[in-house]
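Chain and residue survey
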Amino acid sequence: MEFLQPSTLDEALAAKAAHPDAVPIAGGTDVMVEINFDKHRPAALLDLNRVSELAEWTPENGDIRLGSCVSYTRVIDELGGRLPGLAMAARTVGSPQIRNRGTVGGNLGAASPAGDSHPALLAADAVVEAASVRGRRKIPVDEFFTGVKRHALAADELITAILVAPPSGPQQFCKIGTRNAMVIAVSAFGLALKVDRRSVGTGIGSAAPTPRRAREAEEFLAAELEERGLWDSRAALPDGLAAEFGQRVRAAAAPIDDVRGSAAYRLHSLAVMARRALTWAWADYQNDDRTGSN
Ligand SMILES: Cc1cc2nc3c(=O)[nH]c(=O)nc-3n(C[C@H](O)[C@H](O)[C@H](O)COP(=O)(O)OP(=O)(O)OC[C@H]3O[C@@H](n4cnc5c(N)ncnc54)[C@H](O)[C@@H]3O)c2cc1C
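Remember, predicted model here, so these are calculated numbers, not experimental data.

**Notes on the sheet that holds strand S12 (residues 187-194)**
Within a sheet, each strand pairs with its neighbour through backbone hydrogen bonds, oriented either parallel or antiparallel. The three strands are arranged S11-S12-S13 in an open sheet whose pairing can be described as antiparallel. Whereas interior strands pair on both sides, the edge strands pair on one side only; in this sheet they are strand S11 (171-176) and strand S13 (199-205). Each adjacent strand pair in this sheet contributes to an overall mean axis angle of 10 degrees, direction not counted. In the sheet, S12 pairs with S13 via seven bridges, with the strands oriented antiparallel. Directly across from Ala188, in S13, lies its bridge partner Gly205. Packed onto the sheet, helix H12 (residues 263-287) meets S11, S12 and S13 and runs at close to 30 degrees relative to S12.

If you want it as structure tokens, here you go:
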């Protein structure tokens, strides 16, 4: 197996252009499992760990530009306040060792329907930056996932960064697994209340062929909050609204039965998680005077 080890982004992009079959490796927590179990033996590995630009995060035009090789541990420790939904998701990934090595870019590259960062990125309207020797382009995260473990990258492209706007309102992330740690989600849900735009963002994980948004549920909730004047009053949610939101999130899912859970359980759990996420997010909104002004 050839091992390519560029030390700059230009070198990495040139290597990917010259070896489109080379498998990029960031933390290796997906790639090395596949190799160790002999599921996949690539002709070449493209190690991204020496490319410093990919391991940095910076503020950029009001967004956070998260380099694709920034680990979950750093997201939690350094960006917990700025990207709370993503940090909540990151806290549920694997174990400390996996969070030290695993990256958001690697989660996107694997494009598993169960990737934990995906619901949070979908809810927050994140944008994936892809680059090749041909140039850079931006892919809205809800257009990034094209099928089960498939994504929109061309063979010569790498994920360079994920662009995420700091929240203008509360965010929540919920995950159900068979235990509290070291589990791939049975189902997961991300929620963002976008107070500045008076809109709602959602992300469904592990309950459809790809991570996806529950758009009708988003529109329903945003319209209810608007018509009832709740964005301004921050009054209690009317009875039944959170449950109705949960049912609409459930309706957007298309799960299967598999070893981790049945389709019926995934649907039920999504309705519960969406209801709870909204209840918690609304309580945060009611209790936090700063929300909406940042
Ligand atoms: C014990 C264990 C527990 C785990 N628990 C969880 C969990 O709870 N939740 C969860 O979501 N995942 C979990 N995972 C899976 C894995 O840790 C995550 O998917 C992680 O985000 C992968 O990141 P990485 O940097 O290690 O990716 P890598 O293994 O390096 O790469 C993953 C994929 O992305 C591609 N890739 C990497 N970087 C780039 C790039 N810059 N551009 C293009 N393609 C790229 C690789 O080629 C590969 O296809 C677990 C894995 C293990 C082994």
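**Brief notes about the pattern of salt bridges**
Scanning all chains against the criterion turns up 21 salt bridges. One salt bridge connects Arg213 with Asp142, and the closest N-O pair in it is separated by 4.0 Å. With Arg213 in the loop between S13 and helix H9 (215-227) and Asp142 in helix H8 (residues 141-144), the pair connects residues that are 71 residues apart, well separated along the chain. Classification of Arg213 as buried rests on a relative accessible area of 16%. A relative accessible area of 30% means that Asp142 is categorised as partly exposed. Residues joined in a network through salt bridges with shared partners are Asp125, Asp142, Lys194, Arg197, Arg213, Arg215 and Glu218.

**Description of the sheet that holds strand S10 (residues 158-164)**
Read from one edge of the open sheet, five strands run S4-S5-S10-S6-S7, paired in antiparallel fashion. For this open sheet the edge positions go to strand S4 (57-60) and strand S7 (135-140), each flanked by a neighbour on one side alone. On average, each strand axis in the sheet is tilted by 25 degrees relative to the strand beside it, whichever way the strands run. Of the pairings in the sheet, the one linking S4 to strand S5 (residues 63-67) comprises four bridges and is antiparallel in character. The residue of S5 that forms the bridge with Pro59 is Ile64. Together, strand S6 (127-132), S7 and S10 form the strand contacts of helix H1 (residues 9-18), whose direction differs from that of S10 by roughly 125 degrees.

**Here we look at helix H11 (residues 241-251)**
Along H11, the residues that are buried comprise Leu241, Ala242, Phe245, Gly246 and Val249. Down the axis of H11, the buried side of the element spans an arc of 140 degrees, and every buried residue falls inside it. Taken together, the buried residues of H11 touch S12, S13, H9 and H12.

**Focus on the side chain of Arg266**
With respect to the helices, strands and loops of the structure, Arg266 is situated in helix H12. Overall, Arg266 belongs to the buried group, its relative accessible area being 2%. Apart from residues lying up to four places away in sequence, Arg266 is in contact with Ala185, Val186, Ser187, Ser206, Ala207, Pro255, Ile256, Asp257, Asp258, Arg260 and Gly261.

Cut-offs and rules
- Residues numbered from 1 in each chain as written.
- Predicted model: local features only at pLDDT ≥ 70, side-chain atom pairs only at ≥ 80, totals over all residues.
- Heavy atoms only, no water.
- Pairing = 2+ DSSP bridges.
- Helix = DSSP H or I, 4+ residues; strand = E, 2+ residues; numbered from the N terminus.
- Axes fitted to C-alpha atoms, helices over the stretch in contact; angles between N-to-C directions.
- Contact = heavy atoms within 4.5 Å.
- Salt bridge = Lys/Arg side-chain N within 4 Å of Asp/Glu carboxyl O.
- Buried < 20%, exposed > 50% of the residue type's maximum accessible area, 1.4 Å probe, protein only.
- Arc of directions from axis to C-beta.

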